[in-house]
Amino acid sequence: MSSPVRRSESRQSVATVAVGRRREGSRGRGTSASSVEASFLEMQSRAGNQATTAAVQRARGADKGKGKATDQAARGGSGGGDRANGGKKRKDYRDRIASLLDRFKKNLEPIDTWIKGAQTPANAGFTQQAAVTANEGLKHSAAASGTSAASGNLLTEAAGTVVSGMDAYKSMKDARKNGHGAEHHTANKRAKTKGTDAVVGAAGSGAYSAAIAKEVTKIQKAADAAVASEASGVASAAVAGMKSVRSVFRVGGAARKYKKVKELGDPQLVHAASLARLNESREHADWAAAEAYVALDSYWKQEGEGRLELIGEAVDAAWEAMGEARDAAEALQRAEKDVERLGTVQGYAKKKQLTKIGKETIGGALGESTKAAAGVVTAVAAGTAGLASNPVGWGLAGAGAGLVLGVTLYKALRAATKRYEEVRHPEVWAKAGGTPEEAASRKESLQHALKFWKKVSKGERAAMAREIYALAAGPDIAGSGGTTEEMRQSGMSLLIALKSGPADHKLDQEAWVASLNDPSKTSGWIKEIAEQLASG
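This write-up is about the structure you can find in this document. Bear in mind that the values here come from a model prediction, so they are computed numbers and not experimental data.

1. A look at the overall build of the protein
Move 1: Looking only at helices and strands, one finds 15 helices and zero strands in the protein.
Move 2: Here the protein holds 536 residues, and 41% of them are scored as buried.
Move 3: For the protein, long-range pairs separated by at least 24 residues make up 79% of all intrachain contacts whose partners lie at least 6 apart in sequence.
Move 4: Accessible area of the protein: about 27800 Å², with a carbon and sulfur share of 57%.

2. Topic: the environment of Ala-317
Move 1: Within the secondary structure, Ala-317 is located in helix α9 (residues 307-385).
Move 2: Using a relative accessible area of 38% as the deciding quantity, one classes Ala-317 as partly exposed.
Move 3: Sequence-wise, Ala-317 and Tyr-293 are 24 residues apart; in three dimensions their C-alpha atoms are separated by 8.6 Å.

3. A closer look at the nonpolar core
Move 1: Counting 31 residues, the largest nonpolar core has Ile-468, Leu-495, Trp-525, Ile-529 and Leu-533 as the members making the most contacts within it.
Move 2: If you list the elements that add at least two residues to this core, you get α9, α12 (460-472), α13 (485-497), α14 (509-516) and α15 (522-534).
Move 3: Among the elements that take part in this core, α9 stands out by supplying seven residues, more than any other.
Move 4: Trp-525 has contacts with Ala-182, Tyr-469, Leu-495, Ser-500, His-505, Trp-512, Ser-515 and Leu-516, leaving out every residue within four places of it along the chain.

4. A look at the packing of α13 against α14
Move 1: Running from N to C, α13 and α14 point in directions that differ by 110 degrees, and their axes come no closer than 13 Å. Considered as vectors, α13 and α14 are oriented roughly perpendicular to each other. For the pair formed by α13 and α14, the contact residues are Met-492, Leu-495 and Ile-496 on the first element and Trp-512, Val-513 and Leu-516 on the second.
Move 2: Tallied by class, the residues present in the contact of α13 with α14 amount to six nonpolar, no polar and no charged.

5. Here's the deal with the pattern of salt bridges
Move 1: Per the stated rule, a full pass over the model turns up 11 salt bridges.
Move 2: Residue Arg-250 is joined to Glu-360 by a salt bridge in which the shortest nitrogen-to-oxygen separation is 3.4 Å. Within this pair, whereas Arg-250 is found in helix α6 (residues 225-263), its partner Glu-360 is found in helix α9, the two being separated by 110 residues in sequence.
Move 3: For Arg-277, the salt bridge is made with Glu-486, and the minimal N-O distance between the two is 3.1 Å. Of this pair, Arg-277 sits in helix α8 (residues 272-301) while Glu-486 sits in helix α13, placing them 209 residues apart in sequence.
Move 4: Within this structure, Arg-334, Asp-338, Arg-341 and Glu-467 form a network of salt bridges that share partners.

6. Observations regarding the packing of aromatic side chains
Move 1: Inspection of every chain in the model, using the stated rule, returns one aromatic pair.
Move 2: Note on Trp-512 and Trp-525: the rings are 6.2 Å apart at their centroids and 70 degrees apart in plane angle, and the pair reads as edge-to-face. Residue Trp-512 is found in helix α14, and its partner Trp-525 is found in helix α15; the two are separated by 13 residues along the sequence. Per residue, the accessibility class of Trp-512 equals that of Trp-525, and both read buried.

About the cut-offs
- Each chain has its residues counted from 1, following the order in which its sequence is written.
- Restriction of local features to residues with pLDDT of at least 70 applies here, the model being predicted, together with a cutoff of 80 or more for giving and counting side-chain atom pairs; totals for whole chains, interfaces and linings are based on all residues.
- With hydrogens and water stripped out, all remaining heavy atoms of the structure feed into the side-chain values.
- Secondary structure elements follow DSSP: runs of H or I of four or more residues count as helices, runs of E of two or more count as strands, with numbering from the N terminus.
- Classification of residues uses two cut-offs on accessible area relative to the type maximum, computed with a 1.4 Å probe and protein chains only: under 20% is buried, over 50% is exposed, and between them is partly exposed.
- Any two residues whose heavy atoms approach within 4.5 Å are treated as being in contact.
- For the area figures, the Shrake-Rupley method with a 1.4 Å probe applies, and any residue is considered shielded solely by the protein chains shown.
- In this description, a nonpolar core means a group of buried Ala, Val, Leu, Ile, Met, Phe, Trp, Tyr and Cys residues linked to one another through side-chain atoms lying within 4.5 Å.
- A fitted line through C-alpha atoms represents every axis, and for helices the fit uses only the stretch in contact; the resulting angles, taken between N-to-C directions, go from 0 to 180 degrees.
- Comment on the angle field: the value is read as roughly parallel under 35 degrees, roughly antiparallel over 145, roughly perpendicular from 65 to 115, and oblique elsewhere.
- The residue classification treats Ala, Val, Leu, Ile, Met, Phe, Trp, Tyr, Cys and Pro as nonpolar and Asp, Glu, Lys and Arg as charged. All others, Gly included, are polar.
- By definition here, a salt bridge exists when the distance from a side-chain nitrogen of Lys or Arg to a carboxyl oxygen of Asp or Glu is within 4 Å.
- Stacked, edge-to-face and tilted labels apply to pairs of Phe, Tyr and Trp rings (six-membered ring for Trp) whose centres lie within 6.5 Å, assigned for plane angles under 30 degrees, over 60, and everything in between, in that order.

Given below as structure tokens:
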């Protein structure tokens, strides 16, 4: 389990050695950058290395206790179960590695965000200034800081690539095991997504390796520095282009899903006729109940033989009529409530897709394409004008980093807010009919909000997924027995619009409807719907 830590320390040492070389080179040349610039660049390098080391220690410490418990569980059993236990041990070991790497990557992500959004554009600015003023000391310092930045990016990207690859492999196995249905579709979609993440991550790791080589050649004043700079520009442009194209496809998918949900129409208008029929049935039932009570009253006033028998029959008729009136009123009330719920979940589904379109357009399609253009400009400048920095490339790099950083900060703030709400106000999105957990204090909620490595599991999206499933589920599902057939069909139509229909699950219509009415598949369905609400 300690091997990832040793790798991280070896990569960090590249930046440390680079800073040491910068200091020795500065003393040997007798020319150095200004004290403010040099101090700033040295602070960047040290901050990145120290923060990375701290992230490694946090990830290792968090996984230590979990690893011990897993070891104890894996050691249980003996005799004829040795082979099964051996397989379980290997599986537990893989899970522990994946857990450690995932936690390690998430601890590195804030550092990586700071590097991409602040340190890298700042380095580009200092490099531009050094080229204009012919300040060798500043150029050397910027190269050392750039080496540190690229090393941190490489470490995060490499860890993410391994995690994505392991997750894709596990999801592929889950998809094959399930064969069809909601769980199959969820696992298969995740396998494709994580597989693409692994490919993009591998390309990104190569680009960061090229960036390290570029900065090292600058530090060493190598003769092939221009070639390394050109190669780095081409690599970064290619990776940014891949990410930009992927974002364009995601935008297209979200737009199509938004269009399909919108085509379902306003539930108030779609179900106006069914609500009118239910209201008419309620009115008829009320009139029947009133007539039954009038008849009962008339029997009470009659005299003669058989009076008590007639009164008894009238009481039974009145009681039955009142029951029908009550059932009709409850059916109308339930239908009106379901129409309102359907409108809420449809609005939420459209909002999620619009948000995804905005984030992918700004941070992906525009941000990454701008970074790709910056890489092309860098490559052209290196190939035509040596290592002279181009202000256009610097400006494009800064603009692209700003767009990506803005989207990242927005997502981080939203996630922190949701983590705070899920423990501070657990009753808001609690399951219907369930007992909400005890609310945490403000201090505890703030501490939970800062745990950026944890996903939101009890927020609005999970609640909306439960609502959609309740509308589309069959009568055997608790809480869905009173749903009208028209409303159930609307719920199913919403599932199809969200790419959770029979064709997506590799099922025919009858089997798909049966799976919605199977209580054992409830958790899989809710997970599937939540995933489809988030994706395009």
